[in-house]
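Residues per chain are reported as follows:
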Amino acid sequence: MNQTLPSAKALDLARQVLRIEADAVMALAGRIDGAFVQALALILNCHGRVIVSGMGKSGHVGRKIASTLSSTGTPAYFVHPAEASHGDLGMITRDDALIAISNSGESAELLMIVPIIKRLGAKLISITGNRQSALAVEADVHLDAAVALEACPLNLAPTASTTAALALGDALAVALLDSRGFGAEDFARSHPGGSLGRRLLTHVRDVMRTGTALAEVASATSVPDAILEISRGGIGMTAVVTPERRVIGVVTDGDLRRAFARGVDMRSLAVADIMGRKPHSIGPDHLAVEAVQMMEQYKINQLPVVDEDGILLGALNMHDLFQAKVI
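Residues numbered from 1 in each chain as written. Predicted model: local features only at pLDDT ≥ 70, side-chain atom pairs only at ≥ 80, totals over all residues. Heavy atoms only, no water.

Asks: How should I be thinking about the nonpolar core in this particular structure?
Replies: Nonpolar side chains tend toward joint burial in soluble globular proteins. Residues Leu-69, Ile-99, Ile-101, Ile-125, Ile-127 and Leu-143 are the most contacted members of the largest nonpolar core, which totals 31 residues. Broken down by secondary-structure element, the contributors of at least two residues to this core are helix 2 (34-44), strand 1 (50-54), helix 3 (56-71), strand 2 (76-78), strand 3 (97-102), strand 4 (123-128), strand 5 (141-144) and helix 7 (160-180). Looking at this core, the element that brings in the most residues is helix 7, giving 7 residues. Those residues within four positions of Ile-101 in sequence are excluded, and the remaining contacts are Val-52, Ser-53, Gly-54, Met-55, Ser-58, Val-61, Gly-62, Ile-65, Leu-110, Ile-127 and Ala-165. Formed by 16 residues, the second largest nonpolar core is a distinct cluster that contains Val-289, Met-295, Leu-303 and Val-305. (Core = buried A, V, L, I, M, F, W, Y, C linked by side-chain atoms within 4.5 Å. Buried < 20%, exposed > 50% of the residue type's maximum accessible area, 1.4 Å probe, protein only. Helix = DSSP H or I, 4+ residues; strand = E, 2+ residues; numbered from the N terminus. Contact = heavy atoms within 4.5 Å.)

Asks: Would you explain the sheet that holds strand 3 in this entry?
Replies: Where strands meet in a sheet, backbone hydrogen bonds hold them as pairs that are either parallel or antiparallel. One open sheet holds the 5 strands; their spatial order is 2-1-3-4-5, and the pairing between them is parallel. Both outer strands of the open sheet, strand 2 and strand 5, are each paired with one neighbouring strand and no more. The mean angle between the axes of side-by-side strands here comes to 20°, regardless of whether they run parallel or antiparallel. Pairing of strand 3 with strand 4, which is carried by 6 bridges, proceeds in the parallel orientation. Bridge pairing in strand 4 places Ile-101 opposite Ile-127. Here helix 5 (residues 108-120) sits on the sheet in contact with strand 1, strand 3 and strand 4, set at roughly 160° to strand 3. (Pairing = 2+ DSSP bridges. Axes fitted to C-alpha atoms, helices over the stretch in contact; angles between N-to-C directions.)

Asks: Help me understand the pairing of strand 1 in this model?
Replies: Both faces of the sheet carry side chains from a regular strand, because those side chains alternate between them. Within strand 1, 5 of the 5 residues are buried, leaving the element largely enclosed by the surrounding structure. The two faces of strand 1 match: Val-50, Val-52 and Gly-54 on one face and Ile-51 and Ser-53 on the other face are all buried. Where strand 1 lies against strand 2, 3 bridges are found, and the strand directions are parallel. The partner of Val-52 across the bridge, within strand 2, is Phe-78. Of the strand pairs in this sheet, strand 1 and strand 3 are connected by 5 bridges, and their pairing is parallel. Note that in strand 3 the partner of Val-52 across the bridge is Ile-99.

Here is the structure:
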């Protein structure tokens, strides 16, 4: 077997593969019809889970479809058809819906379990490339994923057909997502370990510093004492508060550097002489990512956290957000 492939030919072949697979997916759009709506309704009215099954490459596609369904609000899992006939059929109940994937529609392993599925009373959705196949005929709803040709030059290896089936599964998952009113926060709850989950589920109250970790001084406090408080707090800022703890300003490392650059005697100054007035602040119920956006917008590294009356509740800086992996 000659394994040498000229680079120009390789590029032409790669482009041809992408065009064939893109055309296969585009052709599906023109065939989406009432059967798709029926499949959607069947799953929405399903009181159990969605089970996805397929052999070989169709099985790999099925695993991805099951994963996409589960992460977008439709509980689903994959069952291998060969394992199903050796006991895993016990995972399927009459309240479930089975999505069976087979390009030929004649997969023996799938056809073996179809009568059991029908006898149970579970609903069957088939995704095949042959609407006359046994699997298509036996299904409650058949979704046509036929392709004109495979991207393989031999027209043998599952390529365009698996891409089409996968795209059809994605279309079904997204339509279900929309029908259920599944939103970004719902998505984040099923992805708590991912960056999106951290961005959407982490609130300011979860990362802000409170109690003894919170630096605060009165406006009459001397600058040297304020420096000590800033150092104790460790976030490069101290809030300036009234006796009722309402925030009226902040003193940051930057304020200290600017005062020093003016050549003034720092020992003779009070906090009120150098503090930043009307500082930006954020509430504890805001998303932590909103604090990031505010810091980036105003080019600051720290924020006091206040309630609706401006009373100091906490503080955070950019490092806290890095540690929480919000950034």
